[in-house]
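Reading the structure
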Amino acid sequence: MDQSSKVSVVVARVRSLVHDGTLRAGDPLPSTRALAAELGVARGTVVAAYDQLDGEGYIRTRPGAAARVLAGSGVPGPSTGRAPVHLHAVVPGDTNDPVGLADPSRPGDPSDPGAPGNSGDPGDRAVVDCRPGIPAVSAISDRDWRAAWRAAADTPLRNALSDPAGLTALREQLVAQLGLARGFTPSVAQVIVAAGTSEALSLVAEALRARLGRAPRIAVEDPGYRSGHRALTSAGAEVVPVPVGADGIDLTVLARIPVDAVLVSPTHQYPLGSVMPVGQRRALLAHAAATGTVVLEDDYDSEFRHRGNPVPALAALDTDGVVVHLGGFSKTLDPRLRCAYVVVPSGAVGAAVLAARTARGAVVAEPVQVALAHLLRTGAFRRHLGRVRRDYTHRRERIAVRLATSGVPGLEARALTGGLHAVLTWPGPGTRAAVLARAAADGVLVADLADYETVRGRSGNGVVLGYGAVTLPELDRALDVVLAAVRARGADPG
């Protein structure tokens, strides 16, 4: 038996024990060394199996601690007081196989529709919330998280106001991270801390209003980031919707509209997921330089690229100082931190944004900034990204496989090249309301694609399914429910 087959055996055994309730939420698994000795396989085989199970959301592994079964992956726990669980497994087909691993449809296998946890009856199960916007917050290492907040608590108190632009230590670490991950290295003076992306957009709109002496006209993607659009209008901007195509915002339409700025998400358009090709990026930058348009680059989830090579930031191609780059920690760590950043170009626009920041004052508590700087400086942030990137890729692959074999005519999956969500669209008359209602009745919450539109009806039927914060079993259940709702749409009024 080759290495991959041995890994698959261990993975299948743990899955089955979770699904049949032998292993419950919070139960520890044997160490990789102990289990390898028990099974008679190399320790690397068990390490690879645990890594896969971690990525699938069945267990959580942490350095220096026992791997444990995750809540939501099977039967609720804890199982305190039960005898230790043994994971003895043998080669499929061996006559001494005590657990039936050679039979792929044995009870408890997740591929078996009748397996425990796969009944499809939501009556005794919690709601699965697949609305987009929530990452795997609990995946960060407890040790790293606590160390970051200890660093914040250990910082000496001082009798002073915070720098409105943000803590220098955090801005220095952001400069280093942008150089490593996004292909450009601004000066520390160009980095300004904000209280989330919406506050950052509001700040930029306020700065443009002050600089122009009137309400700025800002083009936005449609469908797009509606919370961001509301932040722009709340700061006095006029929002102008521009349709989105396969390559991002429609530059032909944009060229016909006189605007002061344009908000784009070129690395992974939100929510449809298109990636703006480099030719389109250069064309957008050339248009902006020729017309004096400011380009607001929303780089909201560029860390999670599942297919193809990483795409450099638009700001990395900017030689004319037209890009205002926005990033944050809502998708990488925790949206409740309410911490983002703006990278401004040199010149009048950058000065206007800094003036607006100074007028508003500091908005992110210094202890939060100290903790984030610690996570970046120690490498904990990059380690966390590596872990969750693997997890999200597992979930993305599961969605792609499930939808490709769904048998639903015309069903299309979008936005799967990166990020933490998928968009499911289907043809025909307006049936999305029925699909959403049926899914909710069956215990699964997803978002209506129409909620991202400025011009109603532009996107047709579709739902947005977030997979950042769910386990693989929860994701399977959500897909079962949503696909059943789409199949049944013809029987319901649109």
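The structure presented is a predicted model; accordingly, all values stated were derived computationally and were not measured.

1. Things to note about the overall build of the protein chain
Helix and strand content of the protein chain: 14 helices and 16 strands. By the burial criterion, 52% of the 494 residues in the protein chain qualify as buried. Intrachain contacts of the protein chain at a sequence separation of at least 6 include 74% that bridge at least 24 residues. Of the accessible surface of the protein chain, which amounts to about 20,600 Å², a share of 54% is contributed by carbon and sulfur atoms.

2. Some details on helix H6 (residues 197–212)
Residues three or four positions apart in an α-helix share a direction because the helix packs 3.6 residues into each turn. Under the 1.5 Å per step criterion, the end-to-end length of H6 is 22 Å for 16 residues, consistent within 8% with the ideal 22 Å. Buried residues of H6: Thr197, Glu199, Ala200, Leu201, Ser202, Leu203, Val204, Ala205, Ala207 and Leu208, and no others. Two residues or fewer past H6, Gly213 is found with a positive phi of approximately 75°.

3. Side note on the confidence of the model for the protein chain
Interpretation of this model should avoid reading the predicted coordinates in detail wherever pLDDT is low. Mean pLDDT over the protein chain: 86, with 87% of residues reaching 70 or higher. Throughout residues 78–83 the model reports pLDDT below 50, and contacts reaching past four residues in sequence, or to other chains, amount to nine contacts. Taken as a whole, residues 89–124 scores under 50 in pLDDT and shows 54 contacts with residues more than four places along the chain or in a different chain.

4. Things to note about the nonpolar core
Leu170, Leu284, Val295, Phe329, Leu372, Ile399 and Leu465 are the most contacted members of the largest nonpolar core, which has 104 residues in total. Looking at which element gives the most residues to this core, the answer is helix H14 (residues 472–487), with nine residues.

5. Remarks on the sheet that holds strand S9 (residues 294–298)
The mixed open sheet is built from eight strands, whose spatial order is S4-S11-S10-S9-S8-S5-S6-S7. Looking at which strands have only one partner, the edges of the open sheet turn out to be strand S4 (191–194) and strand S7 (248–249). Of the pairings in the sheet, the one linking strand S5 (residues 217–222) to strand S8 (residues 261–264) comprises three bridges and is parallel in character. Within S8, the residue paired with Ala219 across the bridge is Val262. Set on the sheet, helix H7 (residues 226–234) makes contact with S5, strand S6 (238–245) and S8; between it and S5 the angle comes to about 165°.

6. Description of unusual backbone geometry
Cis geometry marks the peptide bond from Asp222 to Pro223, where omega comes out at 5°. Looking at where Pro223 falls in the secondary structure, it is placed in the loop between S5 and H7. The phi torsion at Arg338 lies on the positive side, around 50°, for a residue other than glycine. In this structure, Arg338 sits in the loop between strand S10 (323–328) and strand S11 (340–343). What makes Arg338 partly exposed here is its relative accessible area of 40%.

7. Side note on the packing of aromatic side chains
For the structure on display, the rule yields seven aromatic pairs. Ring geometry for Phe304 and Tyr392: centres 5.0 Å apart, planes at 90°, overall edge-to-face. Of the two residues, Phe304 sits in the loop between S9 and S10 while Tyr392 sits in helix H12 (residues 380–404), which places them 88 residues apart along the sequence. Across the pair, exposure class does not vary: Phe304 and Tyr392 are buried alike. Site record: aromatic cluster; members linked through ring pairs are Tyr225, Tyr270, Tyr300 and Tyr452.

8. Considering the pattern of salt bridges
Counted under the stated rule, the structure contains 22 salt bridges. With a shortest N-O distance of 2.7 Å, Arg131 and Asp129 are connected by a salt bridge. On the basis of relative accessibility, which here comes to 44%, the residue Arg131 falls in the partly exposed class. Here Arg182 and Asp299 are joined by a salt bridge, their closest N and O atoms 2.7 Å apart. Here the residue Arg182 occupies a position in the loop between helix H5 (168–181) and S4, and Asp299 occupies one in the loop between S9 and S10, the gap between them amounting to 117 residues. On the accessibility criterion, Arg182 (7% relative accessible area) is buried.

9. Here we look at the packing of helix H4 (residues 142–154) against helix H11 (residues 366–377)
Relative to each other, H4 and H11 sit at 130°, their axes nearing to 8 Å. Between H4 and H11, the angle is such that the two are oblique. Crossing angle aside, the handedness with which H4 passes H11 is right-handed. Contact with H4, carried on its side by Asp144, Trp145, Ala147, Ala148, Trp149, Ala151 and Ala152, involves Pro367, Val368, Val370, Ala371, His374 and Leu375 of H11 and no other residues of that element. Here the contact of H4 with H11 is composed, by residue class, of eleven nonpolar, one polar and one charged.

10. Looking at the side chain of Ser302
Of note, Ser302 is situated in the loop between S9 and S10. One polar contact links Ser302 to Asp299, side chain to side chain, over a distance of 3.0 Å. With residues near it in sequence (within four places) discarded, Ser302 still touches Arg182 and Thr267.

11. Side note on the pairing of S5
With respect to burial, S5 is a largely interior element, five of its six residues being buried. Between the parallel pair S5 and S6, the chain is carried across by H7, and the sense of this crossover is right-handed.

12. Focus: the sheet that holds strand S13 (residues 421–426)
The strand order S12-S13-S16-S15 describes an open sheet built from four strands, whose pairing is antiparallel. Single-partner strands in this sheet number two, and they are strand S12 (412–414) and strand S15 (447–448). Two elements, S13 and strand S16 (residues 461–466), share six bridges in a ladder whose sense is antiparallel. Each bridged residue has a counterpart across the sheet, and for Thr425 the counterpart in S16 is Gly462. Sitting on the sheet, helix H13 (residues 432–441) touches S13, S15 and S16, and the angle it makes with S16 is about 35°. Along the sheet, H14 contacts S13 and S16; its crossing angle with S16, the most-contacted strand, is approximately 175°.

Parameters at a glance
- Residues numbered from 1 in each chain as written.
- Predicted model: local features only at pLDDT ≥ 70, side-chain atom pairs only at ≥ 80, totals over all residues.
- Heavy atoms only, no water.
- Helix = DSSP H or I, 4+ residues; strand = E, 2+ residues; numbered from the N terminus.
- Buried < 20%, exposed > 50% of the residue type's maximum accessible area, 1.4 Å probe, protein only.
- Contact = heavy atoms within 4.5 Å.
- Areas by Shrake-Rupley, 256 points an atom, 1.4 Å probe, with all protein chains shown as cover.
- Expected span 1.5 Å × (residues − 1).
- pLDDT = per-residue confidence, 0-100.
- Core = buried A, V, L, I, M, F, W, Y, C linked by side-chain atoms within 4.5 Å.
- Pairing = 2+ DSSP bridges.
- Axes fitted to C-alpha atoms, helices over the stretch in contact; angles between N-to-C directions.
- Phe/Tyr/Trp six-rings, centres within 6.5 Å; stacked < 30°, edge-to-face > 60°.
- Salt bridge = Lys/Arg side-chain N within 4 Å of Asp/Glu carboxyl O.
- Parallel < 35°, antiparallel > 145°, perpendicular 65-115°, else oblique.
- Left-handed = near helix turned anticlockwise from the far one by under 90°.
- Nonpolar A, V, L, I, M, F, W, Y, C, P; charged D, E, K, R; others polar.
- Polar contact = N/O pair within 3.5 Å; in protein donor to acceptor, adjacent residues only side chain to side chain.
- Right-handed = clockwise from strand over helix to strand, strands pointing away.

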